[in-house]
Amino acid sequence: MSLKISLYGITRDIVGTSVIELPAPAPATVGELLAEMRRQYPALAQLRSCAVAVNNEYAEESQALHTVDEIALIPPVAGG
Amino acid sequence: MTPQLSITDQPIDVAAALAAVQTEVAGAVNAFVGTVRNQSGGRPVRRLHYESYDSMALTQLGHVVAQAYEKWPMLQEVAVVHRKGTLELGDVAVVVAVATPHRAESFAACQFIIDTLKQVVTIWKREEYEDGTEWVAAHP
């Protein structure tokens, strides 16, 4: 199972691309994904926060990930 | 009663947002208009760049407005428009407009929507200074 992760704001600057594909075996949960991304890109761990969105909703660390999911890293938002 | 929520790369028409919430059952229309100011923490700002994850931003904005309808059942109409792209000083970045029968709830609901929007809606802001740029709130 591979995963496509969309990157926005400062996470796109850190990773250097707007979409990253994690080949199989990809992380199985949100928590594993965050750990893997922080291992590959240590600057992500310096952020005030970094959430994961699955299908347009904020996801808990225990949530399972699937190839068909729309997954994104969500750095601290700053609308308004 | 269907909220009008949008994210646009075009200049925001504040009058249109106010008109969108007008209804004969409401005696109060309240709006918050967020604009681009010329400094941030004492540092001069030249312009702002907003980036949006549109589909999630609209989903989350829908949740925020649904919460407002739950908290203030008398809430009638809601319109929220957020700009994205490059904004110059003085440009309108966001408009929240609400209509309620009486004024107290219009202030409260309007403040709730803009405050909660800033916490959960997936829009990011990069400030441009004379000597570089920075993503707002990214680091502790």
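Positions within a chain are numbered from 1, following the residues in the order the chain's sequence is written. For naming, the first written chain is A and the first written ligand is 1, with later ones following in the order written. Selection of residues for local features in this predicted model requires a pLDDT of at least 70, selection of side-chain atom pairs for listing and counting requires 80 or more, and totals for whole chains, interfaces and linings are taken over all residues. Note: side-chain values were computed over all heavy atoms of the structure, leaving out hydrogens and water.

Caption draft 1: Representation of the overall build of chain B. Counting from the N terminus, the helices are the DSSP runs of H or I reaching at least four residues and the strands are the DSSP runs of E reaching at least two. Of the regular secondary structure elements, chain B holds 3 helices and 10 strands. Start at the N end of chain B and walk to the C end: the helices and strands fall as β-α-β-β-β-β-α-β-β-β-α-β-β. A radius of gyration in this sense is built from C-alpha atoms; the matching globule rule multiplies 2.2 Å by the number of residues raised to 0.38. By the compact-globule yardstick of 14 Å for 140 residues, chain B fits well, its C-alpha radius of gyration being 16 Å. Taken over the C-alpha atoms alone, chain B extends approximately 50 × 25 × 25 Å along its principal axes. Type-normalised accessible area, obtained with a 1.4 Å probe on protein chains alone, sets the label of each residue: buried when under 20%, exposed when over 50%, and partly exposed for intermediate values. Considering chain B as a whole, with its 140 residues, one finds that 45% of them fall into the buried category. Here, two residues are considered to be in contact whenever any of their heavy atoms come within 4.5 Å of each other. For chain B, the proportion of contacts with a sequence separation of at least 24, taken over those separated by at least 6, is 77%. Accessible areas in this description were obtained via Shrake-Rupley with a 1.4 Å probe; residue shielding takes into account the shown protein chains only. Surface exposure of chain B reaches about 6,800 Å², of which carbon and sulfur atoms provide 49%. A positive count includes Lys and Arg, and a negative count includes Asp and Glu. His and the chain ends are not counted in either. Positions of charges follow a simple convention, taking NZ of Lys, CZ of Arg, CG of Asp or CD of Glu. Between the centroid of the 11 positive side chains of chain B and the centroid of its 16 negative side chains there is a distance of 5 Å.

Caption draft 2: Up close: the interface of chain A and chain B. Contacts between the two partners involve 21 residues from chain A and, on the opposite side, 28 residues from chain B. When the two sides are added together, the surface that chain A and chain B hide from each other amounts to roughly 2,100 Å², 55% of it contributed by carbon and sulfur. Take a side-chain nitrogen of Lys or Arg and a carboxyl oxygen of Asp or Glu: if they are within 4 Å of each other, that pair is a salt bridge. Inspection of the region where chain A meets chain B yields 1 salt bridge. The closest approach of N and O atoms between Arg 12 of chain A and Glu 51 of chain B, which form a salt bridge, is 2.6 Å. Here a polar contact means two N or O atoms within 3.5 Å. Within protein one must be a hydrogen donor candidate and the other an acceptor candidate, and residues neighboring in sequence count only if both atoms are side-chain atoms. At the boundary of chain A with chain B, the tally comes to 21 residue pairs in polar contact (both at pLDDT 80 or more). For this classification, Asp, Glu, Lys and Arg are treated as charged, while Ala, Val, Leu, Ile, Met, Phe, Trp, Tyr, Cys and Pro are nonpolar and the rest, including Gly, are polar. For the side of chain A that touches chain B, the per-class residue count stands at 11 nonpolar, 5 polar and 5 charged. Two parts placed together each lose some accessible area under a 1.4 Å probe, and adding up what both lose gives the buried area.

Caption draft 3: Broad picture of the pairing of strand β3 (residues 51-54) of chain A. Residues and elements named next belong to chain A. Across 4 bridges, the pairing between β3 and strand β5 (residues 71-74) is antiparallel. Pairing of Ala 53 across the sheet is with Ala 72, part of β5. Should DSSP find at least two bridges between two strands, the strands are regarded as paired. Note: β3 against strand β4 (residues 57-58), 2 bridges, orientation antiparallel. Within β4, the position partnered with Ala 53 by the bridge is Tyr 58. Linkage of β3 to β4, two consecutive antiparallel strands, is achieved through a turn of 2 residues, within which Asn 55 is found at a positive phi near 55°.

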